[in-house]
Amino acid sequence: MKTIITCVTLLLISVSSFAEISSVEKDALVKLNKATKGSQWINKWDLKSPVSTWYGIEIQNDKVIAIKLMNNNLNGELPSELANLTSLQVLNLFRNNITGVLPESIGNLKNLVKLNVAFNQVSGKLPESLGNASQLKFIEMHMNRLTGVLPVAIGNLPNLETLSLFNNEIEGQIPASYYQLKSLKVLLLNSNKLSGKLDKEVANLSSLETLSLFENKMDGQVPFDLEKLGKLKEMNISYNMFNGLVSKNLSKLDTLNMTMVNEQGVATTLKVNIDKNSAFAADE
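Residues numbered from 1 in each chain as written. Predicted model: local features only at pLDDT ≥ 70, side-chain atom pairs only at ≥ 80, totals over all residues. Heavy atoms only, no water.

## Describing the nonpolar core
What counts is decided by this rule: Working definition of a nonpolar core: buried Ala, Val, Leu, Ile, Met, Phe, Trp, Tyr and Cys residues. They are joined through side-chain atoms within 4.5 Å. Using a 1.4 Å probe on the protein chains alone, a residue whose accessible area is under 20% of its type maximum counts as buried, one over 50% counts as exposed, and one in between counts as partly exposed. Each helix is a run of H or I in the DSSP string that is no shorter than four residues. Each strand is a run of E no shorter than two, and both are numbered from the N terminus. The contact definition used throughout considers only heavy atoms, calling two residues in contact when any of these lie within 4.5 Å.
Formed by 69 residues in total, the largest nonpolar core has its most connected members in L29 and I67. Mapped onto this core, the elements with two or more residues apiece are α2 (23-35) and β2 (63-68). When residues of this core are assigned to their parent elements, the largest contribution, four residues, is made by α2. The residues contacting I67, other than those within four sequence positions of it, are L29, L32, G56, I57, L82, L85, L88, V90, L91, N92 and L93.

Dropping the structure here:
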């Protein structure tokens, strides 16, 4: 009798060790494979083998927690079924040939921490639903074909540390909500078509270390409030239409020395206030 119990126990342990993800999650992965021409991938999946053996897939507690298919020749649009991977923490599809829009359903991934679909051909507007993925720390969608305006809801992400959207065709102003991103360390919005002013509320970004806005169409006075960002190490706001005086401290931060483009399209350098290093020196 003991022998039978032991065998049954070992069998249950064996089955548990090789337990697979749910059919819903497996179907979502299969949809991704077919939608992006899995037969042409560099590292292909054997769909008849256990999901745990598929390249770039990480599983924990019978749930898919990561998809890492960087530089893998994915061609096609991302399926909305990705939202069924409810435990997904990392979606890294860096440098592929992904086209179409980012699915609205991506915002349903409540556990998503890192979204990297940079160096692809994603088009259209970023979905407002991204603001619902409350665990997001990293959004990296640079070097794509994004258009439209910046989603206001991204400003609701309490844990966001990196927002990298450079080299796209995004228009409009920086939403006021973005100036409330207390955890934001890296903001890269350069080489787009952004317009409007840089609000003095930028001083609220107390964790900001890198700010890049160069090569846009922003205008108005460069806010002296940038000096309040004590952790700011690198800044580039050149090749916009900003005007007015800047302090020595701000001019030193900008790697292109505050070179702007005026209304005639001529490159000019903003005047530096030579009387004091800081605009706030007189107030301190």
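Structure shown, so let's carry the discussion forward.
## What to know about the pairing of strand β1 (residues 57-60)
Consecutive residues of a regular strand have side chains that alternate between opposite faces of the sheet. Counted only if it meets this: Any two strands are treated as partners once DSSP identifies two or more bridges connecting them.
By the bridge criterion, four bridges tie β1 to β2 in an arrangement that is antiparallel. Paired with E58 across the strands is A66, a residue of β2. Hairpin remark: β1 followed by β2, antiparallel, with two residues in the connecting loop; positive phi at N61, about 55°.

## What about the sheet that holds strand β13 (residues 193-196)?
Two orientations exist for strands paired in a sheet by backbone hydrogen bonds: parallel and antiparallel. Pairing in this open sheet of four strands is parallel, and the strands run β11-β13-β15-β17 from one edge to the other. If you trace the sheet from one side to the other, it starts and ends with β11 (171-172) and β17 (241-243), each paired once. Where β11 meets β13, two bridges bridge the pair, whose relative direction is parallel. Bridge assignment links E171 to a residue of β13, and that residue is K193.

## Section: the pattern of salt bridges
Short version of the rule: Note on definitions: salt bridges are taken to be side-chain nitrogens of Lys or Arg within 4 Å of carboxyl oxygens of Asp or Glu.
Enumeration over the complete set of coordinates arrives at six salt bridges. Of the charged contacts in the structure, one is a salt bridge between E58 and K68, with a shortest N-O distance of 3.0 Å. Here E58 is found in strand β1, whereas its partner K68 is found in strand β2, with ten residues between them in sequence. Note on E58: relative accessible area 34%, which makes it partly exposed. One salt bridge in this structure joins E169 and K193, with 3.9 Å as the shortest N-O distance. You can see E169 sitting in the loop between β10 (162-164) and β11 and its partner K193 sitting in strand β13, a full 24 residues away along the chain. Residue classification places E169 among the partly exposed residues on the basis of a relative accessible area of 37%.

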